[in-house]
Amino acid sequence: MHMANDPQFAHPPGRVKRVGIFLSHAHEDAPMVEVIATTLSSFGLRPFMAARHVKPAQEWLRRLERELRDSYALAAFLSPDFRNSAWTDQEVGYALAHKKKIIAIQLHSTTAPHGFLERYQALTAITMLPHDIALKILDRLLSFKDAPPELLELVISRLQSERSEASLRFWSERLTMIHTVPPDALSRLQNILHTNAAINTNRRLLDDIRKIVEASRRG
């Protein structure tokens, strides 16, 4: 998957509230995490990384705390430098204390989750490209049983607004990862099957997405 050419990386409609995710990483890993942050943003999430968002003149400690508080989840990028950082364990500790969702990402064979992170199954990303790691993060967020409704709203908005078959298939696959789809959302999805011409004029795509909607209705 190549970010520059794939329509699913286009920004979603601005009216969708973006779910926040705090990217906890060592300074040495910032260039890679920057690419991941850009991709997560293109998916419609609101990633935060200190190197990108905190200006030197800001009261950075307050900003970090606010972002940790307001984010739905924290992604911990476990590299050899992660454990040597003065701040990463504190960021993880804050997220754990405030019952945030934790996504541990193992970037090196020697950096399995440690401490309280050991209770979380890490995403093994040792040989993965940054935009593929971002996709794994998106899918993990969608798969949480108590995922916030804004994530479902994000998927629905993309199915409503996208026009290419590749992008619609991408987002319909994301729909299958969501545990609970309430009746009002199912009604909206059913309506999209009729109002999005890119879907209702493509018989194979229409049938495939209809099956996903029906499976969500039964689930």
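Everything numeric in this text was worked out from a predicted model, so none of it was measured. (Residues numbered from 1 in each chain as written. Predicted model: local features only at pLDDT ≥ 70, side-chain atom pairs only at ≥ 80, totals over all residues. Heavy atoms only, no water.)

(A) Highlighting the side chain of Gln106. Among the secondary structure elements, Gln106 is positioned in strand S4 (residues 101-106). Setting aside chain neighbours within four positions, we find Gln106 in contact with Leu78, Thr111, Ala112, Ala122, Leu123, Thr124, Ala125 and Ile126. (Helix = DSSP H or I, 4+ residues; strand = E, 2+ residues; numbered from the N terminus. Contact = heavy atoms within 4.5 Å.)

(B) The arrangement of the environment of Leu159 in detail. Within the secondary structure layout, Leu159 lies in helix H6 (residues 149-161). Its relative accessible area of 1% is what places Leu159 among the buried residues. Through-space distance from the C-alpha of Leu159 to that of Leu175 is 9.4 Å; in sequence the pair is 16 residues apart. Setting aside chain neighbours within four positions, we find Leu159 in contact with Leu168, Trp171, Ser172, Leu175, Leu189, Ile192, Asn196 and Ile199. (Buried < 20%, exposed > 50% of the residue type's maximum accessible area, 1.4 Å probe, protein only.)

(C) Representation of the environment of Arg69 in the model. Residue placement: Arg69 occurs in helix H3 (residues 60-70). It is 7.6 Å that separates the C-alpha atoms of Arg69 and His98, two residues lying 29 residues apart in sequence. Once residues within four sequence positions are removed from consideration, Arg69 is found in contact with Tyr94 and Lys100.

(D) Examining the packing of H6 against helix H8 (residues 183-195) more closely. Axis separation between H6 and H8 bottoms out at 10 Å; the angle between their running directions is 15°. If you check the angle between H6 and H8, you find them roughly parallel. Regarding H6 and H8, the two cross each other, and that crossing is left-handed. When H6 is examined against H8, the residues Leu152, Glu153, Ile156, Leu159 and Gln160 are found in contact with a partner set consisting of Ala185, Arg188, Leu189 and Ile192. (Axes fitted to C-alpha atoms, helices over the stretch in contact; angles between N-to-C directions. Parallel < 35°, antiparallel > 145°, perpendicular 65-115°, else oblique. Left-handed = near helix turned anticlockwise from the far one by under 90°.)

(E) Representation of the packing of aromatic side chains in the model. Counting across every chain of the model gives five aromatic pairs. Note on Phe22 and Phe48: the rings are 5.2 Å apart at their centroids and 35° apart in plane angle, and the pair reads as tilted. Within this pair, whereas Phe22 is found in strand S1 (residues 20-24), its partner Phe48 is found in strand S2 (residues 46-48), the two being separated by 26 residues in sequence. Here the two residues Phe22 and Phe48 agree in accessibility, since each one is buried. Ring centres 5.1 Å apart and planes at 80° place the aromatic pair Phe170 and Trp171 in the edge-to-face group. As far as burial versus exposure is concerned, Phe170 and Trp171 are alike and both buried. Taken together through their ring pairs, the aromatic side chains of Phe43, Phe170 and Trp171 make up a single cluster. Between Arg174 and the ring centre of Phe170, over which it is positioned, the NZ or CZ distance is 4.4 Å. (Phe/Tyr/Trp six-rings, centres within 6.5 Å; stacked < 30°, edge-to-face > 60°. Lys NZ or Arg CZ within 6 Å of the ring centre and 35° of its normal.)

(F) View of the side chain of Asp139. Along the polypeptide, Asp139 turns up in helix H5 (residues 130-143). In this structure the side chain of Asp139 is engaged in a polar contact, spanning 2.7 Å, whose partner is the side chain of Arg174. Setting aside anything within four residues of it in sequence, one finds Asp139 in contact with Arg174 and Met177. (Polar contact = N/O pair within 3.5 Å; in protein donor to acceptor, adjacent residues only side chain to side chain.)

(G) Just the nonpolar core, in detail. Counting 53 residues, the largest nonpolar core has Phe77, Ile105, Ile137 and Leu141 as the members making the most contacts within it. By residue number, the principal contributor to this core is H5, which donates seven residues. Once residues lying within four places of it in the same chain are set aside, the contact partners of Ile105 are Ala75, Ala76, Phe77, Leu78, Leu123, Ala125, Ile133 and Ile137. Membership of the second largest hydrophobic core comes to 15 residues, among which are Phe48, Leu68, Phe82 and Leu117. (Core = buried A, V, L, I, M, F, W, Y, C linked by side-chain atoms within 4.5 Å.)

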